[in-house]
Amino acid sequence: MASVGTALRELRGAQKSAKGVSLYSRFVNRPLGRYLAAGSYALGLTPNQVTLVSAALSFAGAAAVALAAPSWGLGIAVWALLAVGFAFDSADGQLARLRGGGSASGEWLDHVVDCAKLTALHTCVLIAFYRFPGEYGTGSDAWLLVPLGFQFAAVVTFFGGLLTEKLKPKAAPGSPAAAPSTVRAVALLPVDYGVFCLVFLLLGGGGLFRWAYAGLGAVAALFLLAFLAKWYRELSAVPR
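Let me begin by describing the structure that accompanies this report.

Definitions and cut-offs
- Residues numbered from 1 in each chain as written.
- Predicted model: local features only at pLDDT ≥ 70, side-chain atom pairs only at ≥ 80, totals over all residues.
- Heavy atoms only, no water.
- Helix = DSSP H or I, 4+ residues; strand = E, 2+ residues; numbered from the N terminus.
- Buried < 20%, exposed > 50% of the residue type's maximum accessible area, 1.4 Å probe, protein only.
- Contact = heavy atoms within 4.5 Å.
- Areas by Shrake-Rupley, 256 points an atom, 1.4 Å probe, with all protein chains shown as cover.
- Polar contact = N/O pair within 3.5 Å; in protein donor to acceptor, adjacent residues only side chain to side chain.
- Axes fitted to C-alpha atoms, helices over the stretch in contact; angles between N-to-C directions.
- Parallel < 35°, antiparallel > 145°, perpendicular 65-115°, else oblique.
- Left-handed = near helix turned anticlockwise from the far one by under 90°.
- Core = buried A, V, L, I, M, F, W, Y, C linked by side-chain atoms within 4.5 Å.
- Phe/Tyr/Trp six-rings, centres within 6.5 Å; stacked < 30°, edge-to-face > 60°.
- Patch = residues over 30% accessible without salt bridge, like charges linked within 9 Å, V, L, I, M, F, W, Y side chains within 5 Å.
- Salt bridge = Lys/Arg side-chain N within 4 Å of Asp/Glu carboxyl O.

**Regarding the overall build of the chain**
- The secondary structure content of the chain amounts to ten helices and zero strands.
- Listed N to C, the secondary structure of the chain is α-α-α-α-α-α-α-α-α-α in terms of helices and strands.
- The buried share among the 240 residues of the chain stands at 39%.
- Long-range pairs, those at least 24 residues apart, make up 82% of the contacts in the chain between residues at least 6 apart in sequence.
- Total accessible area on the chain is roughly 12200 Å²; 69% of this is exposed by carbon and sulfur atoms.

Structure below.
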């Protein structure tokens, strides 16, 4: 089995295009995932096993939000679980490329876990708002609609983007990859999952977390409208 150093060198030349990726994913999550992929390769783990590690960490973080009263310590723990889970989510695909390519079942598992963790995390925030109204300042039932709306925007964006990629014509083999746009990479930061995880550092702030979470939810809804218009326009130009 190759050493971690050898695996890292091979992974540097097997990275996906940075087009359409935020600065956080490009400069934080993917590099961290590269180290995790190299370590997983040295340990003999499979990409599916790495996906399950990502799922376990992500669901543990989500469950902690629902089950424990908010505090600054809880916020750090939840953020760490979600952020490392996200890094392992990047590592599974990199590990698959390092091992010579992924499988249809592996890609399916990865996407199912991604959708499940999005749904679970917002559901757990809703439960937290309901269980700890005094700590979060969510005495009004109207606040319970915020996680539902955020979940709707996140899941539809995830599904719409995935389906659009499947329906768009594939680039011809050997075609040069489009250069990543720094402006786009910055613009996508508010809807990057890694940036979203940072809001849980504010759990100890109660109302501060509530408003920061609601603000990101409003941004997610606006981005959803923009994405839907863009994807529909792109697919309308595809010949039938």
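**Some thoughts on the side chain of Thr-138**
- Along the polypeptide, Thr-138 turns up in the loop between helix 6 (133–136) and helix 7 (145–167).
- For Thr-138, a relative accessible area of 4% corresponds to the buried category.
- Reaching out from Thr-138, the side chain makes a polar contact with the backbone oxygen of Phe-129 at a distance of 2.7 Å.
- Contacts of Thr-138, omitting those with residues within four sequence positions, involve Phe-129, Phe-132, Pro-133, Trp-143 and Arg-210.

**Topic: the environment of Ala-116**
- Following the sequence through the fold, Ala-116 ends up in helix 5 (residues 104–131).
- Separated by 39 residues in sequence, Ala-116 and Val-155 have C-alpha atoms that sit 9.3 Å apart.

**Remarks on the environment of Pro-70**
- By the secondary structure assignment, Pro-70 is in the loop between helix 3 (47–67) and helix 4 (72–98).
- Given a relative accessible area of 17%, Pro-70 falls into the buried group.
- Spatially, the C-alpha atom of Pro-70 lies 7.0 Å from that of Glu-135, the residues being 65 residues apart in sequence.
- Setting aside chain neighbours within four positions, we find Pro-70 in contact with Phe-132, Glu-135, Tyr-136 and Leu-203.

**Some details on the packing of helix 3 against helix 4**
- Relative to each other, helix 3 and helix 4 sit at 160 degrees, their axes nearing to 8 Å. Judged by the angle between their axes, helix 3 and helix 4 are roughly antiparallel. Two packed elements cross with a definite hand, and for helix 3 against helix 4 that hand is left-handed. Residues Pro-47, Val-50, Thr-51, Val-53, Ser-54, Leu-57, Ser-58, Ala-60, Gly-61, Ala-62, Ala-64 and Val-65 of helix 3 touch helix 4, and the partners they reach there are Leu-74, Val-78, Leu-81, Leu-82, Val-84, Gly-85, Phe-88, Asp-89, Ala-91, Asp-92, Leu-95 and Ala-96.

**Side note on the nonpolar core**
- Ranked by internal contacts, the top residues of the largest apolar core, which has 31 residues, are Tyr-193, Phe-196, Phe-200, Leu-203 and Phe-209.
- Among the elements of the structure, helix 3, helix 4, helix 5, helix 7, helix 9 (193–197) and helix 10 (207–236) are those that each provide at least two residues to this core.
- A total of six residues in this core trace back to one element, the largest contributor, which is helix 5.
- Filtering out sequence-adjacent residues up to four positions away, Tyr-193 remains in contact with Leu-82, Phe-86, Lys-117, Leu-118 and Leu-121.
- Formed by seven residues, the second largest nonpolar core is a distinct cluster that contains Ala-37, Tyr-41, Val-50 and Phe-88.

**Topic: the packing of aromatic side chains**
- In this structure the tally under the stated criterion is 16 aromatic pairs.
- On the basis of an interplanar angle of 55 degrees and a centroid distance of 6.2 Å, the ring pair of Tyr-193 and Phe-196 is categorised as tilted. One end of the pair, Tyr-193, and the other, Phe-196, are both in helix 9, three residues apart, so they sit about a helical turn from each other. In this structure, Tyr-193 and Phe-196 share a single accessibility class: buried.
- On the basis of an interplanar angle of 10 degrees and a centroid distance of 5.2 Å, the ring pair of Phe-227 and Trp-231 is categorised as stacked. Taken together, the residues Phe-227 and Trp-231, both in helix 10 and four residues apart, mark about one turn of the helix. A single burial state applies to Phe-227 and to Trp-231, both of which are buried.

**A few points about a nonpolar patch on the surface**
- Together, Phe-159, Leu-163 and Leu-167 make up a nonpolar patch on the protein surface, roughly 300 Å² of accessible area in all.
- Along the polypeptide, Leu-163 turns up in helix 7.

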